[in-house]
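In case you want the letters, here they are:
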Amino acid sequence: MIECCGLRAGYGGREVLRGIDLRIVRGEMTGLLGPNGSGKTTLLHVLSGVLKPMAGTVRIAGNEIGELRPRQRAGMVAAVPQRAGPVPGMTVTSLVLLGRYPYLSLLGAYGPQDRAAAQSAMDETGMAVLADRQTTALSGGEFQTALLARALCQSTDILLLDEAAANLDVARKAAMYDLLREKNAAGLTVVSAVHDLNLAALFCDRLIFLKNGRVLADGPTRTVFTRERVEEVYETTFHVFAHPVTGAPQGVVVPGHGGGVGAGGGSGPGRG
Ligand SMILES: Nc1ncnc2c1ncn2[C@@H]1O[C@H](COP(=O)(O)OP(=O)(O)OP(=O)(O)O)[C@@H](O)[C@H]1O
């Protein structure tokens, strides 16, 4: 479904991703983890077609990503970005309807099917009560949820999320991931960049740890989430234990052993 081979990508000639080989099969729910600056967003940008690789290949459902037209790509991959601003004059409904872009006719008018998809996405995400609210008048968490509704409204087989739950309270985070799991069980392939290790371990079957623009570990959650591994990734001391209800690995940092702010696995010059 998603295949990267020898993927190198970056900005202005500076390489951030330094040779990524990945294969994500249909229906997987994958957490993308790693320190600040390790390349998670950059990888998602490449997978959504926003950023062109410097080298290597990226295939989506067997198609070389660079050969897909933007509308074709948008019909296959939806993304919830880490950074997006509310647009003045745009209601939640009009934001969510933007997800229908790949299906619009040349006239660009929304039809009943588009409106039904938007309504369904707003219902599922709990945004229906805010349907007529201006996006500029939403809280941070509400706006993030509206972006998820837009992505679901896009009706794609692949969903990429970049810290989509970062502004949500703990209960809404779990609710968002419950919904993603439901969608995943129905066939949606989900790749979610997330800083919350424990959230990722609770909801994702597979974890990919990036560090310095490379894959440091990749595998089933219960296999790769070990104390040694997370300490290596984040360069700080962890206590790892089993979730008392689900048995999923969970980790908490042990205070006083950090590497200092800005000392993560970034891919800046001189690192890696
Ligand atoms: N538009 C850009 N132009 C130049 N450099 C960039 C740009 N966006 C990101 N970078 C750099 O690329 C590197 C990887 O950034 P990226 O956003 O992919 O990391 P990340 O793992 O998503 O980080 P975070 O966890 O902080 O969101 C960083 O060194 C960052 O400074």
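As the structure is a computational prediction, the values presented were derived from the model and not from experiment.

The next point concerns the confidence of the model for the protein. A residue-level look at the protein finds 94% of positions with pLDDT of 70 or above and a mean pLDDT of 92. Confidence over residues 267–272 falls short of pLDDT 50; this stretch has 20 contacts with residues more than four positions distant or in other chains.

This part is about the site of the ligand. Around the ligand lies a shell of 14 residues, among which Gly 37, Lys 40, Thr 41, Thr 42 and His 195 are the nearest. Taking Arg 14, its side chain carries an N or O atom lying 3.2 Å from an oxygen atom of the ligand. Lys 40 is positioned such that a nitrogen or oxygen atom in its side chain is 2.7 Å from an oxygen atom of the ligand. Isolated, the ligand exposes 630 Å² of accessible area, and the fraction of that covered by the protein chains is 65%. For the shell around the ligand, the secondary structure elements donating two or more residues are strand 2 (14–24) and helix 1 (40–47). Of all the elements, helix 1 adds the most residues to the shell around the ligand, at three residues.

Moving on, we get to unusual backbone geometry. Even without glycine at this site, Ser 155 takes up a positive phi of about 50 degrees. Tracing the sequence through the fold places Ser 155 in the loop between helix 5 (140–153) and strand 7 (158–162). Owing to a relative accessible area of 42%, Ser 155 belongs among the partly exposed residues under this scheme. Although it is not a glycine, Glu 235 sits at a positive phi angle of roughly 55 degrees. Within the secondary structure, Glu 235 is located in the loop between helix 9 (227–234) and strand 11 (238–242). Looking at Glu 235, the relative accessible area reads 40%, which means it is partly exposed.

Right, let's talk about the domain arrangement of the protein for a bit. Under the domain assignment, the protein is made up of domain 1 (1–76 + 157–272) and domain 2 (84–155). When each unit is reduced to the centre of its C-alpha atoms, the spacing between domain 1 and domain 2 is 25 Å. Here domain 1 packs against domain 2, burying approximately 1,300 Å² in sum over the two surfaces, 58% of which is carbon and sulfur. Ranking the residues of domain 1 by area buried against domain 2 places Arg 71, Ala 74 and Leu 179 at the top, with a combined share of 40%. Joining domain 1 to domain 2, the criterion identifies one salt bridge.

Attention now goes to the nonpolar core. Counting residues in hydrophobic clusters, the biggest one holds 52 residues, and the most contacted among them are Leu 148, Leu 159 and Phe 209. In terms of residue count, helix 5 provides more of this core than any other element does, eight residues in total. Mapped onto the domain boundaries, this core takes at least three residues apiece from domain 1 (1–76 + 157–272) and domain 2 (84–155). Excluding residues within four positions of it along the chain, Phe 209 makes contact with Leu 33, Leu 197, Arg 214, Val 215, Leu 216, Ala 217, Val 224, Arg 229, Val 230, Val 233 and Tyr 234. Core analysis: the next-biggest nonpolar cluster, separate from the first, contains 26 residues, Cys 4, Ile 24, Leu 43 and Ala 193 among them.

For the structure on display, the rule yields 13 salt bridges. Of the charged contacts in the structure, one is a salt bridge between Asp 196 and Lys 173, with a shortest N-O distance of 3.8 Å. Here Lys 173 lies in helix 6 (residues 170–185) and Asp 196 lies in the loop between strand 8 (189–193) and helix 7 (197–203), a separation of 23 residues in the sequence. For Asp 196, a relative accessible area of 28% corresponds to the partly exposed category. You can call Lys 173 buried: its relative accessible area is 18%. Lys 211 is paired through a salt bridge with Glu 235; the nearest N and O atoms lie 2.6 Å apart. Taken together, the residues span a long stretch of sequence, with Lys 211 in strand 9 (residues 206–211) and Glu 235 in the loop between helix 9 and strand 11 at a distance of 24 residues. According to the relative accessible area criterion, Lys 211 is buried, its value standing at 11%.

Here we take up the sheet that holds strand 1 (residues 2–11). Reading across from one edge, 2-1-4-5 is the order of the four strands in this open sheet, with antiparallel pairing throughout. Of all strands in the sheet, those with a lone pairing partner are strand 2 and strand 5 (63–64), marking the two edges. In this structure, strand 1 lies alongside strand 2, joined through eight bridges in antiparallel fashion. Paired with Ala 9 across the bridge in strand 2 is Leu 17. Lying over the sheet, helix 1 contacts strand 1, strand 2 and strand 4 (55–60), oriented at roughly 120 degrees with respect to strand 1.

Scoring rules and cut-offs
- Within any chain, residue numbers begin from 1 and follow the written order of that chain's sequence.
- The predicted origin of the model limits local features to residues at a pLDDT of at least 70 and limits the giving and counting of side-chain atom pairs to 80 or more, whereas totals for whole chains, interfaces and linings rest on all residues.
- To obtain the side-chain values, all non-hydrogen atoms of the structure were used and water was disregarded.
- As a per-residue measure, pLDDT reflects the predictor's confidence and takes values from 0 up to 100.
- Working rule for contacts: check all heavy atoms of both residues, and any pair within 4.5 Å makes them a contact.
- The criterion for a residue being near a molecule or strand is simple. One of its heavy atoms has to lie within 4 Å of it.
- Here a polar contact is taken to be a pair of N or O atoms separated by no more than 3.5 Å, where protein atoms must pair a possible hydrogen donor with a possible acceptor and residues adjacent in sequence count only if both atoms sit in side chains.
- Areas reported as accessible are Shrake-Rupley estimates using a 1.4 Å probe. Residue values count occlusion only from the protein chains shown.
- Comment: elements are numbered from the N terminus, with helices defined as DSSP H or I runs of at least four residues and strands as E runs of at least two.
- Relative accessible area decides the class of each residue, using a 1.4 Å probe on protein chains only: under 20% of the type maximum gives buried, over 50% gives exposed, and in between gives partly exposed.
- Those domain boundaries reflect an automatic or database domain assignment.
- A 1.4 Å probe defines the accessible area here, and the buried area is the portion of it lost by two parts on being joined, summed over both.
- Every case where a carboxyl oxygen of Asp or Glu lies within 4 Å of a side-chain nitrogen of Lys or Arg is listed as a salt bridge.
- Nine residue types can take part in a nonpolar core, namely buried Ala, Val, Leu, Ile, Met, Phe, Trp, Tyr and Cys, and a core is a set of them joined through side-chain atoms within 4.5 Å.
- Following DSSP output, two strands are said to pair if at least two bridges run between them.
- Note on method: axes are straight lines fitted to C-alpha atoms, helices fitted across the in-contact stretch only, with angles between N-to-C directions ranging 0 to 180 degrees.

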